[in-house]
Amino acid sequence: MTDAHRPGRQAAPASLESDCGRRERADLPVISPTVARGDVDSIGRVGAVAYPYRIYDAVATVDRPLIADREIEYVVSVDRSRRLAVRADTVPETTDRTVDDVLVIPSELSDDQSREKAEDAVFNWTLRKVAVSSTPDVRFERSVDAYKLYWLASRPEGDVIVDSVRATESPLED
C-alpha cells in the first residue's frame, strides 16, 4: 500500500514522479528557501537544481515488560536521488513555487523504496538508542514530498553550489 492510500498521508504530487531534466519553468513543491536566488553573489546568472525528498514524521514503539511502552519520535529525510535517509530536526515548511531555468533531478526511489529506507533508518536509530527485547514497531504519522533547491553561482575563484535552506556554500567540482 502506498502512502497515498494510508490514512493521514499526503499523496505524492505527480511532479515528483514525472518531472526530470532541465526546465525553463517548473511548478514544484519546495522546502522554503532561506536564501533567495536573487541574493546569491555571482558574476553571471544563478542556476537552480531541485533535488527530490520525502520527509517522514515517524514513531518507533518499543515494548517494555512490566512498564508502559516507550515511543521515540523521529523525522526522517529521504533524499530520493542519492538514496539516503538522514535524521532531520523538524518536518520543513513547504510551498508551491514556480522555479525558472531549473534542473529537476529525477527520483531514483519509488514510494515503497523511500518508505523502506525510512523504516530501516528508524529501526537502526532505535536500536542504537535503547536496548530492546523485541522488534520496535515503526509507524509513520505523515509524509511530505518536496524538492530542495540548490543555487549554482559563478565566481572569480570558481563555481559554487549554495544550499538554499542552510545557506552553506561548497565548491562545485567537475
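Up top is the structure.
Along each chain, residues carry numbers from 1 onward, in the same order as the chain's sequence is written. In keeping with the model being predicted, local features are shown solely for residues with a pLDDT of at least 70 and side-chain atom pairs are shown and tallied solely at 80 or more, while totals for entire chains, interfaces and linings include all residues. As a convention, hydrogens and water are excluded, and side-chain values are obtained from all of the structure's heavy atoms.

Caption draft 1: Seen up close, the pattern of salt bridges. Any Lys or Arg side-chain nitrogen found within 4 Å of a carboxyl oxygen on Asp or Glu counts as a salt bridge. Enumeration according to the criterion identifies 15 salt bridges in this entry. A salt bridge links Arg45 to Asp101; its shortest N-O distance comes to 2.1 Å. A residue pair is termed long-range when its members are at least 10 positions apart, and Arg45 in the loop between strand S1 (21-31) and strand S2 (47-62) and Asp101 in strand S5 (residues 94-104) qualify at 56 residues. Under the relative-accessibility criterion, Asp101 is labelled partly exposed at 21%. The closest approach of N and O atoms between Glu108 and Arg83, which form a salt bridge, is 3.2 Å. Note that Glu108 is positioned in the loop between S5 and helix H2 (111-129) and Arg83 in the loop between strand S3 (70-79) and strand S4 (84-88), a separation of 25 residues in sequence. Sharing partners across several salt bridges, the network here consists of Arg54, Arg80, Asp111 and Asp145. Strands are runs of DSSP state E lasting at least two residues, helices are runs of H or I lasting at least four, and both sets are numbered from the N terminus onward. The buried label applies to any residue whose accessible area, calculated with a 1.4 Å probe on protein chains only, is under 20% of its type's maximum; exposed applies above 50%, and partly exposed to all values in between.

Caption draft 2: Summary view of a positive patch on the surface. Nonpolar side chains (Val, Leu, Ile, Met, Phe, Trp, Tyr) are joined into patches within 5 Å and like charges within 9 Å, using only residues with over 30% relative accessible area and no salt bridge. Where accessible areas are quoted, they stem from the Shrake-Rupley method and a 1.4 Å probe; at the residue level, only the protein chains shown are allowed to cover. Only four residue types enter the charge count: Lys and Arg as positive, Asp and Glu as negative, with His and the chain ends excluded. A single reference atom marks each charge: NZ on Lys, CZ on Arg, CG on Asp, CD on Glu. Among the surface-exposed residues, Arg64, Arg70, Arg87 and Lys129 lie close enough to one another that they form a single positively charged patch. Here Arg64 shows up in the loop between S2 and S3. Assessed through its relative accessible area of 33%, Arg64 is described here as partly exposed.

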